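For reference, the chains in residue letters:
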Amino acid sequence: MSRTIRKKHLLAGFAAAGLLGVGIAAPTVAFAADGASPSASASAETDREQRRADRQAEFAEALATELGVSTDQVTAALEKLREQRKDERPERPDATDRQAALKERLDRAVEDGKLTREQADAIIAAAEAGVLPGPGGRGGHGGPGGLGDK
């Protein structure tokens, strides 16, 4: 029986070592892939824009079919509406404004005792290095419950 227990412990050890290895290797590989090429983010942005344009074209085509008009008429009407409403939309802050807002929120968090100065400085350095997408961006904390609300 002790031999069976030793085998079980040995197998459990190998399983734990395997999981640990995967747990360490997977994020490392993902991190390396993210930083591998600066053009990867530009490529992803282009892909996202292309998918958006494709969705809009499909929407215009479906709407044209439903209304019994040409796709060109629907596309022109949608573009006209977009231009009319362009002035109504608030202007998005640029990167400098977002960095300043992030620094203000982090300073407030340090004053409130929620972060240390070292933690805030590390976050600022990461944002300036492009590691973080920034507030209001993909994965940012600009929405409800984020850093901006506290």
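Just so you know, these numbers come straight off a predicted model, no measurement behind them.

(A) Spatial organisation of the overall build of the chain. In terms of helices and strands, the chain carries five helices and zero strands. Helices and strands appear in the chain in the N-to-C order α-α-α-α-α. Relative to its 150 residues, the chain shows a buried fraction of 9%. Within the chain, residue pairs in contact and separated by at least 24 positions form 30% of the contacts whose partners lie at least 6 positions apart. Element-wise, carbon and sulfur atoms account for 58% of the exposed surface of the chain, whose accessible area totals about 12,100 Å².

(B) View of the nonpolar core. In terms of nonpolar packing, the biggest core is built from five residues, these being Leu 102, Leu 106, Ala 120, Ile 124 and Ala 127. Broken down by secondary-structure element, the contributors of at least two residues to this core are helix 4 (95–111) and helix 5 (117–128). Among the elements that take part in this core, helix 5 stands out by supplying three residues, more than any other. Once residues lying within four places of it in the same chain are set aside, the contact partners of Ile 124 are Lys 103 and Leu 106.

(C) Quick peek at helix 4. The end-to-end C-alpha distance of helix 4, which contains 17 residues, comes to 24 Å, matching closely the 24 Å that a straight helix rising 1.5 Å per residue would cover. Within helix 4, burial applies to Leu 102, Arg 105, Leu 106 and Ala 109. The arc that holds the buried residues of helix 4, viewed along the axis, is 100°, so those residues lie on one side. Looking at helix 4, the residues exposed on the side facing more than 90 degrees away from the buried face are Thr 96, Glu 104 and Glu 111. Positive phi shows up at Gly 113, right after helix 4, with a value of about 80°.

(D) Examining the pattern of salt bridges more closely. Scanning all chains against the criterion turns up four salt bridges. One salt bridge in this structure joins Arg 82 and Glu 79, with 3.0 Å as the shortest N-O distance. Taken together, the positions of Arg 82 and Glu 79, both in helix 3 (residues 71–86) and three residues apart, correspond to about one turn of that helix. Across the salt bridge formed by Glu 128 and Lys 103, the nearest N and O atoms sit 3.3 Å from each other.

Calculation criteria
Residues numbered from 1 in each chain as written. Predicted model: local features only at pLDDT ≥ 70, side-chain atom pairs only at ≥ 80, totals over all residues. Heavy atoms only, no water. Helix = DSSP H or I, 4+ residues; strand = E, 2+ residues; numbered from the N terminus. Buried < 20%, exposed > 50% of the residue type's maximum accessible area, 1.4 Å probe, protein only. Contact = heavy atoms within 4.5 Å. Areas by Shrake-Rupley, 256 points an atom, 1.4 Å probe, with all protein chains shown as cover. Core = buried A, V, L, I, M, F, W, Y, C linked by side-chain atoms within 4.5 Å. Expected span 1.5 Å × (residues − 1). Arc of directions from axis to C-beta. Salt bridge = Lys/Arg side-chain N within 4 Å of Asp/Glu carboxyl O.

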